[in-house]
2 protein chains.
Amino acid sequence: MTVGIRHDDLRRRNRAMVISAVRHAGQPSRTEIAGTTGLSHSTISAISSDLIDEGVLFETKGSDAPSAKRGRPQVALGLKPSAASVITVVLSLNYLSAALVDYAGNVTDQEQRRLSTLTMPRDELIGEMLAMIRRLLAGRHASMKPVMRMVLAIQGITDASARTMLWSPITMHADIPFASLLEDAFGIPATVENDCNMIAMALRWHKPERYREDFIAILLSHGIGMGMVLKGELFTGTQSSGGEFGHMIHRPDGALCRCGRRGCVEAYAGNYAIWRNARQHSEDETPAADISDADMLELADRARAQDGPERQAFRKAGEAIGFSLGSLFALIDPAPVAMVGHGAGAFDLIEPSMREAIARTAGGHHSKAISFDTEPDEMPLIREGCAMRALTYVDHEILAPGNGALTDLTGKSVA
Amino acid sequence: MTVGIRHDDLRRRNRAMVISAVRHAGQPSRTEIAGTTGLSHSTISAISSDLIDEGVLFETKGSDAPSAKRGRPQVALGLKPSAASVITVVLSLNYLSAALVDYAGNVTDQEQRRLSTLTMPRDELIGEMLAMIRRLLAGRHASMKPVMRMVLAIQGITDASARTMLWSPITMHADIPFASLLEDAFGIPATVENDCNMIAMALRWHKPERYREDFIAILLSHGIGMGMVLKGELFTGTQSSGGEFGHMIHRPDGALCRCGRRGCVEAYAGNYAIWRNARQHSEDETPAADISDADMLELADRARAQDGPERQAFRKAGEAIGFSLGSLFALIDPAPVAMVGHGAGAFDLIEPSMREAIARTAGGHHSKAISFDTEPDEMPLIREGCAMRALTYVDHEILAPGNGALTDLTGKSVA
DNA sequence: GCTCTTTTTTTCGAGCCTCGAAAAAAAGAA
DNA sequence: TTCTTTTTTTCGAGGCTCGAAAAAAAGAGC
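The present account deals with the structure reproduced in this document.

Scoring rules and cut-offs
Residues numbered from 1 in each chain as written. Chains lettered and ligands numbered in written order. Predicted model: local features only at pLDDT ≥ 70, side-chain atom pairs only at ≥ 80, totals over all residues. Heavy atoms only, no water. Near = heavy atom within 4 Å. Polar contact = N/O pair within 3.5 Å; in protein donor to acceptor, adjacent residues only side chain to side chain. Helix = DSSP H or I, 4+ residues; strand = E, 2+ residues; numbered from the N terminus. Nonpolar A, V, L, I, M, F, W, Y, C, P; charged D, E, K, R; others polar. Phe/Tyr/Trp six-rings, centres within 6.5 Å; stacked < 30°, edge-to-face > 60°. Lys NZ or Arg CZ within 6 Å of the ring centre and 35° of its normal. Contact = heavy atoms within 4.5 Å. Buried area = accessible area lost by both parts, 1.4 Å probe. Salt bridge = Lys/Arg side-chain N within 4 Å of Asp/Glu carboxyl O. Pairing = 2+ DSSP bridges. Axes fitted to C-alpha atoms, helices over the stretch in contact; angles between N-to-C directions. Parallel < 35°, antiparallel > 145°, perpendicular 65-115°, else oblique. Left-handed = near helix turned anticlockwise from the far one by under 90°. Buried < 20%, exposed > 50% of the residue type's maximum accessible area, 1.4 Å probe, protein only. Least-squares fit on C-alpha atoms with pLDDT ≥ 70 in both.

## Brief notes about the protein's contact with DNA strand C
Next up, step 1: Within the structure, DNA strand C sits among 28 residues, and A:Thr43, A:Arg70, B:Arg6, B:Thr31 and B:Ser45 are positioned closest to it.
Next up, step 2: In DNA strand C, the atoms that sit within 4 Å of the protein are 71% sugar and phosphate, with bases accounting for the remainder.
Next up, step 3: Side-chain polar atom of A:Arg11 to a phosphate oxygen of DNA strand C: 3.2 Å apart, as the coordinates give it.
Next up, step 4: Take B:Gly71: an N or O atom from its main chain is 3.3 Å from a base oxygen of DNA strand C.
Next up, step 5: With 4 residues, the top contributor of residues to the surface near DNA strand C is helix 1 (residues 7-25) of chain A.
Next up, step 6: Tallied by class, residues from the surface near DNA strand C come to 5 nonpolar, 14 polar and 9 charged.

So this is what it looks like as structure tokens:
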């Protein structure tokens, strides 16, 4: 039983709507906002006037092109970059990066470094992260507004409340409560998110014309990840970040997977699996820890050059992805797919067998119509997805108190 | 971009909330409603007074047990049975049934009959359905309030807008726009829903303590169907009713499925598949059209009596369901499962190999903790699910116009 | 039998919020 | 300089929910 709507919720929600409209439209006029939200001009005027007073929005005076239209010119509203800032952190295999992002979404500072995540002790891993964040916080100008939110994206599984990393292939340590660790260290609200989910957020942000209501992002890398948006909402599991497409079962009792089980999609389509098959090693062989992008590129080149075990390996990968996508499509119906990550660079080798497999499944009813796109570089997407997620959180916090919001925004400096 | 909340939406939503609270609680007092909705007593008082005036609610005077409590006694509110009525229709293999249900959910009349759905011409199938509905409409008392909604449940796939049956195993005809057909014939709004989705609705209604936010209902019958509730919402595909668990791929290029493809779960776990395996026929053999429940019972008995091809067949079924549930759990995390339908009577034969398979998948992390329940009789569940769905539609229509609602409710008689 | 408690329900005024219409503002066009 | 056109603000009206207080409807106690 959902709770009833009280009167003050109304204002709060409509404020949220206005902020969200500005964030999506960039620099809309009040009239434009009224159009997209369906609220009346008077309401928009009242709300945006409040938000300007509170320092959340501002009138971007220098309207670029004096639109040459008749009538009173529109006044564009923008998100005030100084209204707040957020920190994004991305932790992936042997790699850590963090960025400071202002309220308008601009990266104002960032840092990245290589680490040996697989072998590092737990405390060291956490320590490196905290230190990097600490440097970012120390480095920002005194004039900058306080950091209001931190979002950490990891390769791996988080709990449904986005507070704990339950498991990750990049480290042997499990159940690290990153959200609480970050909150305790810096006094700033934090969440931990799955990297592929952040990729999905970023795609929707970047290419709304293609990735809007329903789409799937598949990360082809050492392992196989997935982020999915259904009916406009990020799809997550009931207890975890979910969407573990890479561990759907392709062949019962089949090839050995990095997760220790058998027959997972990843055990055929992950980099290590393609490598293993290309070398004609046994499918029971323990997966290699890491394979360089250069090696995978070389493998792909050889597969393109001539038929042989390399080409076969990519073919098998396509088959695994195809059948499992077919199973997924049986559940959710076909949707546009983005193939993300370095592995997407070899999509030409994967696509034929993948499409052939899909066509043999229930989801492949119109397999010709299913459209695939490739995004070879995942890191910027993850970072942007994190930023959007963090800023969205802030948007909803800013509107919450309704009135005294600005005392928290411009006032006390945290950490 | 969702639309802003206008002022009158507020009342509408809170009215919906009150109606929904009454429907869930049965006969709550105003105080109780205030508690569950979180709205103030004054608001509840105002809204329920309106709804009583409009003939949607009524004060159930004869309060059964004079609660022996001190203070002014609570006045129970109930849904007025005469506020509206709905018709539910269930179409399954060789079987058609329909019922007339009042606003409080009581079945006031019903009819059912056997048909040869597989061989009937399209028009005859439609004609039988229309005729049955016509008889129900003709048979109701003159005092009864107009039928405001019809919901048809079918075994098969419908489009996302619940207007057309896209495909069904019970007939060779496809793309039958049942919703429009019914609306044109009777002038009453109608939808077509997947039977398993209705089972899920009914389960949530019946056993909310077990089936609440997240659960799965799997129909074990000639084919394999699924209805799923995730985060409190019925899960459907993006373009169709979705959730075609039975056509996830268990073994690529495996056994021949009724759908014409190969390796679907159904091709191992549907009645015809179990039958085929028990008889040690080839997996390439065309599936039998229908197998009687008695035959399946006998098969199960023989499997229980001694090890042999029958027991093997059930074991294979369990394996197929187990691995595919494991894949599903990889996507959504484990959830309580209800095994519904006659096939659930042989769940004891299926369970061991199923659990073993699940344990070998990513979703089987805590396979011991995944709980299964059986509901051998699906028909009543489907009917009740339809009724609840229809009544929920009506609830939302009654509250919509806000004021003149009753003119439609008590006034003109449709059809 | 009467008064006191207790609990539920209704009433009433206050405070918000959104809306539509009208007014004001800010340009270009003539 | 005066019209048009378009955007934005202002203002009063109408609704809605809320909290407090009042009214209603019992049982409890003497």
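## Details of the packing of aromatic side chains
Next up, step 1: Tallied over the entire structure, the rule returns 5 aromatic pairs over all chains.
Next up, step 2: With a centroid separation of 5.7 Å and an interplanar angle of 40°, the aromatic rings of A:Phe347 and A:Phe372 are classed as tilted. Residue A:Phe347 is found in helix 11 (residues 347-359), and its partner A:Phe372 is found in strand 14 (residues 372-375); the two are separated by 25 residues along the sequence.
Next up, step 3: Positioned above the aromatic ring of A:Tyr103 is the side chain of A:Arg23, whose terminal nitrogen or guanidinium carbon lies 4.7 Å from the ring centre.
Next up, step 4: Lying over the aromatic face of B:Phe235, A:Lys231 brings its terminal NZ or CZ to 5.7 Å of the ring centre.

## Some details on the interface of chain B and chain A
Next up, step 1: Contact residues are listed per partner, giving 51 residues for chain B and 51 residues for chain A.
Next up, step 2: Together, the buried faces of chain B and chain A total about 4600 Å²; carbon and sulfur atoms form 58% of this surface.
Next up, step 3: One can count 2 salt bridges joining chain B with chain A.
Next up, step 4: Here A:Arg360 makes a salt bridge to B:Asp253, at a shortest N to O gap of 2.4 Å.
Next up, step 5: Between the two partners, chain B and chain A, sit 21 residue pairs in polar contact (both at pLDDT 80 or more).
Next up, step 6: Among the elements of the structure, helix 1 (7-25), helix 2 (30-37), strand 11 (224-230) and helix 10 (309-332) of chain B are those that each provide at least two residues to the side of chain B that touches chain A.

## Examining the environment of B:Glu54
Residue and element names in this part refer to chain B.
Next up, step 1: If you trace the backbone, Glu-54 turns up in the loop between helix 3 (41-53) and strand 1 (57-59).
Next up, step 2: As a C-alpha pair, Glu-54 and Ala-83 span 29 residues in sequence and 8.8 Å in three-dimensional space.
Next up, step 3: Reaching out from Glu-54, the side chain makes a polar contact with the side chain of Arg-15 at a distance of 2.8 Å.

## Things to note about the sheet that holds strand 4 (residues 95-102) of chain B
Residues and elements named next belong to chain B.
Next up, step 1: Taken in spatial order, the 5 strands make up an open sheet running 5-4-3-6-9, and their pairing is mixed. The strands lining the two open edges of the sheet, one partner per strand, are strand 5 (107-114) and strand 9 (190-194). The mean angle between the axes of side-by-side strands here comes to 15°, regardless of whether they run parallel or antiparallel.
Next up, step 2: Where strand 6 (residues 147-154) lies against strand 9, 5 bridges are found, and the strand directions are parallel. Paired with Val-151 across the strands is Thr-191, a residue of strand 9.

## Some words on the protein's contact with DNA strand D
Next up, step 1: Around DNA strand D, a shell composed of 28 residues is seen, among which A:Arg6, A:Thr31, A:Ser45, B:Thr43 and B:Arg70 lie nearest.
Next up, step 2: By atom count, sugar and phosphate contribute 70% of the portion of DNA strand D lying within 4 Å of the protein.
Next up, step 3: A distance of 2.6 Å separates a phosphate oxygen of DNA strand D from a polar backbone atom of A:Val75.
Next up, step 4: Between DNA strand D and the protein, one listed contact pairs a phosphate oxygen with a side-chain N or O atom of B:Thr43 at 2.6 Å.
Next up, step 5: Of all the elements in the fold, those that place two or more residues in the surface near DNA strand D are helix 2 (30-37) and helix 3 (41-53) of chain A together with helix 1 and helix 3 of chain B.
Next up, step 6: Considering each element in turn, the surface near DNA strand D owes the most residues, 4 residues, to helix 1 of chain B.
Next up, step 7: Here the residues of the surface near DNA strand D sort into 5 nonpolar, 14 polar and 9 charged.

## Some remarks on the packing of helix 8 (residues 271-278) of chain B against helix 9 (residues 293-305) of chain B
All names here are of chain B.
Next up, step 1: As a packed pair, helix 8 and helix 9 sit with axes 11 Å apart at the nearest point and diverge in direction by 50°. For the element pair helix 8 / helix 9, the angle class is oblique. Crossing angle aside, the handedness with which helix 8 passes helix 9 is left-handed. Residues Asn-271, Ile-274, Trp-275 and Ala-278 of helix 8 pack against Asp-295, Met-296 and Leu-299 of helix 9.
Next up, step 2: Along the lines of polarity and charge, the residues of the contact of helix 8 with helix 9 split into 5 nonpolar, 1 polar and 1 charged.

## Overview of the pattern of salt bridges
All names here are of chain B.
Next up, step 1: Applying the stated criterion across every chain yields a total of 50 salt bridges over all chains.
Next up, step 2: Measuring nitrogen to oxygen at the nearest pair gives 3.2 Å for the salt bridge that ties Asp-284 to Arg-262. Of this pair, Asp-284 sits in the loop between helix 8 and helix 9 while Arg-262 sits in the loop between strand 12 (233-234) and helix 7 (266-269); the two residues are 22 residues apart in sequence, bridging distant segments of the chain.
Next up, step 3: With its nearest N and O atoms 2.9 Å apart, the salt bridge here joins Arg-355 to Glu-351. Taken as a pair, Arg-355 and Glu-351 lie in helix 11 (residues 347-359) at a separation of 4 residues, close to a single helical turn.
Next up, step 4: Exposure remark for Glu-351: the relative accessible area of 24% places this residue in the partly exposed category.

## Things to note about the relation of the copies chain B and chain A
Next up, step 1: The transform that puts chain B on chain A rotates by 180° and translates by 0.0 Å along the axis, for an RMSD of 0.1 Å. Interpreted geometrically, this transformation is the action of a two-fold axis. Taking C-alpha positions as the reference, the residue of chain B nearest the rotation axis is B:Arg251, at 3.1 Å.

## Points about the packing of helix 1 of chain B against helix 2 of chain B
All names here are of chain B.
Next up, step 1: At a minimum axis distance of 10 Å, the contact between helix 1 and helix 2 shows a crossing angle of 110°. With respect to helix 2, the axis of helix 1 lies roughly perpendicular. Mapping the contact onto sequence places Met-17, Val-18, Ala-21, Val-22 and Ala-25 in helix 1 and Glu-32, Ile-33, Thr-36 and Thr-37 in helix 2.
Next up, step 2: Residues that form the contact of helix 1 with helix 2 fall into these classes: 6 nonpolar, 2 polar and 1 charged.

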